[in-house]
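Inside the fold
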Amino acid sequence: MKKRALCLTLATAIGASVLSGCGGGTGTTDSNASGGEAGQVLKVAAIESAYGPGMWEAVASAFEKTHEGVDVQVTVDRNIEDVIGPGMKAGDYPDVVHLAVGREKALTETMIKEKGLEDLTDILSMTVPGEDVTVGEKIIPGFTDTSVTNPYGDGKTYLMPMFYSPCGLFYNAGLLKEKGWEVPETWDEMWALGDTAKAEGISLFTYPHAGYFDAFFYALLNEAGGPEFFDKATHYEEGIWQSAEAKTAFDTVTKLCTYTDPTTPANANNDNFAKNQQLVIDGQSLFMPNGTWVVGEMAASTPEDFEWGFMALPALTEGGDRYSYTFFEQIWVPSAAQNKDLAKEFIAFLYSDEAAKLFITEHAEGESVAVQPITGLTDQLSEGDQLFYSVYDNGAKAAMGAFASTDPVEGVSIADAAFQTVNSLVTGDKTEQDWIDAVTQASDALRPALQ
């Protein structure tokens, strides 16, 4: 799952958002091709998310074939921070780390705050191995222009974008067809459908856990005020949370909480989040925020004839912009790594057609497909995956980015204030004004610490 998210606070995108749903069990796989020469070992550490570990071994082997004598040693684990953390503290660093921001243990954020990441901007001008285009030309525009990839706002890229997933509202398409209900295109239509469903004992909304409101809220902020407003909000501009645009976003989520299945908060945690996702599959709730990994994640409890539906957030006004947040993972190089040049070559290879195809094909049944953010790749996806990745071809705009990194401020978490508070809105333990105050206070505290 995210972070998921990938889990970003979804992230926590996907991460609390791919990764938070990765729960239980760990595994480590090493790829050690014969013929490696002393001093030509590349250590790669990667989070095992909903995509599974097999693809990393395949890609490592493919890279070794293009670099004679190189031995790529890949460690993949669901709790990769626990595996590499002790060694890093002792000065033993991997050369490449695939680990997104938004994880509970915040290893990537710590590396950002401690200025422990290598500048990877030059990778963008490197030619993709075996091809005649540069990495920068291959990556979909916008993915290297975010506060996640460029955390210091200095025009330099320290985290390269990896597997992306459109995040939006997933629903039971078969149920809507059975009931003769139209898929809502505006929030007014959403509320009307919620009233109709409630009359039949079906809730309009649920969510895996409150962390999934990162992608949801980011998209909603873009709908309310556009990218410039979103940038100001995520960079803690003074007074931004008292603006009309912010109020629109707060009002929308608060109203949505009144349409949320009342059992949701009790299961909105890393142990029981799947119960909330099952509500949609079982037809007890209509919509939930999620990422494409949810299909594989819930495969074992999804009926064979089930039909997933997916859409961007409804527009706030008739004809208004609709946004789908793009969660993407990141890969980086510790500045203390031993083989940084080779690490950059390896990362450049990850954007090749060969590697991208392996990421798509080298996964077990039930595991999600890992899609690199490179142009033209969606044509290689299955019909089901194209349903999700074509959302931007159908009029939705892509929202990217997240709350900007800051120096640590004791006791302050903008993610907790902005997203985790939703649980208390659903239960009624907190009011909308409580929520606004919490976000405002966290924003005010982080503004002076902005990096």
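Structure shown above.
Let us look at the packing of aromatic side chains. Counted by the stated rule, this structure contains 38 aromatic pairs. Both rings, one in Trp-187 and one in Trp-191, keep their centres 5.2 Å apart while their planes meet at 35°; by these two values the pair is tilted. Linking Trp-187 with Trp-191, this pair stays in helix α6 (residues 187-198), spanning four residues, or about one helical turn. According to the relative accessible area criterion, Trp-191 is buried, its value standing at 9%. Put simply, the rings of Phe-217, Tyr-218, Phe-230, Tyr-236, Trp-241, Phe-250, Tyr-325, Phe-403, Phe-419 and Trp-435 touch in pairs and so form one group of aromatic residues.

In this fold, Ala-62 is placed in helix α1 (residues 54-66). Discounting residues that sit within four places of it in the chain, Ala-62 has contacts with Phe-349, Glu-354 and Leu-358.

Okay, the pattern of salt bridges next. This structure, assessed with the given rule, holds 16 salt bridges. A salt bridge links Asp-444 to Arg-447, with the shortest nitrogen-to-oxygen separation between them at 2.6 Å.

At a minimum axis distance of 11 Å, the contact between α1 and helix α12 (residues 340-349) shows a crossing angle of 115°. Our pair here, α1 against α12, has a crossing hand that is right-handed. Two secondary-structure elements touch here, α1 through Trp-56, Val-59, Ala-60, Ala-62, Phe-63 and Thr-66 and α12 through Leu-342, Glu-345, Phe-346 and Phe-349. Taken together, the residues of the contact of α1 with α12 break down into eight nonpolar, one polar and one charged.

This next bit is on helix α2 (residues 80-89). Burial in α2 covers these residues: Ile-80, Glu-81, Ile-84, Gly-85 and Met-88. Buried residues of α2, viewed axially, fall in a sector of 120°; they line one side. Where the residues of α2 are buried, they touch β1 (41-47), β2 (71-77), β3 (96-98) and α3 (107-113). Just past α2, the residue Gly-91 takes up positive phi, approximately 95°.

Let us look at the nonpolar core. One broad trend across soluble globular proteins is that nonpolar side chains are buried collectively. Core analysis: the biggest nonpolar cluster contains 149 residues, and Trp-56 and Phe-287 have the highest contact counts within it. The leading source of residues in this core is helix α7 (residues 213-234), at 11 residues. Apart from residues lying up to four places away in sequence, Trp-56 is in contact with Ala-46, Ile-47, Val-74, Val-76, His-98, Met-162, Phe-163, Ile-331, Phe-346, Leu-350 and Phe-359.

With that out of the way, let us pick up the pairing of strand β6 (residues 285-290). With six of six residues buried, β6 lies mostly within the body of the structure. In this structure, strand β4 (residues 160-172) lies alongside β6, joined through four bridges in antiparallel fashion. The residue of β6 that forms the bridge with Gly-168 is Asn-290. In the sheet, strand β5 (residues 203-205) pairs with β6 via two bridges, with the strands oriented parallel. Note that in β6 the partner of Phe-205 across the bridge is Phe-287.

Counted residue by residue, β1 has five buried out of seven residues, so it is predominantly covered. Direction of pairing for β1 relative to β2: parallel, over a ladder of seven bridges. Counted as the bridge partner of Val-44 is Val-74 from β2. A crossover links β1 with its parallel partner β2, the connecting element being α1, and its sense is right-handed. The sheet contact formed by β1 and β3 spans three bridges and is parallel. Within β3, the residue paired with Ala-46 across the bridge is His-98.

Definitions and cut-offs
- Residues numbered from 1 in each chain as written.
- Predicted model: local features only at pLDDT ≥ 70, side-chain atom pairs only at ≥ 80, totals over all residues.
- Heavy atoms only, no water.
- Phe/Tyr/Trp six-rings, centres within 6.5 Å; stacked < 30°, edge-to-face > 60°.
- Helix = DSSP H or I, 4+ residues; strand = E, 2+ residues; numbered from the N terminus.
- Buried < 20%, exposed > 50% of the residue type's maximum accessible area, 1.4 Å probe, protein only.
- Contact = heavy atoms within 4.5 Å.
- Salt bridge = Lys/Arg side-chain N within 4 Å of Asp/Glu carboxyl O.
- Axes fitted to C-alpha atoms, helices over the stretch in contact; angles between N-to-C directions.
- Left-handed = near helix turned anticlockwise from the far one by under 90°.
- Nonpolar A, V, L, I, M, F, W, Y, C, P; charged D, E, K, R; others polar.
- Arc of directions from axis to C-beta.
- Core = buried A, V, L, I, M, F, W, Y, C linked by side-chain atoms within 4.5 Å.
- Pairing = 2+ DSSP bridges.
- Right-handed = clockwise from strand over helix to strand, strands pointing away.

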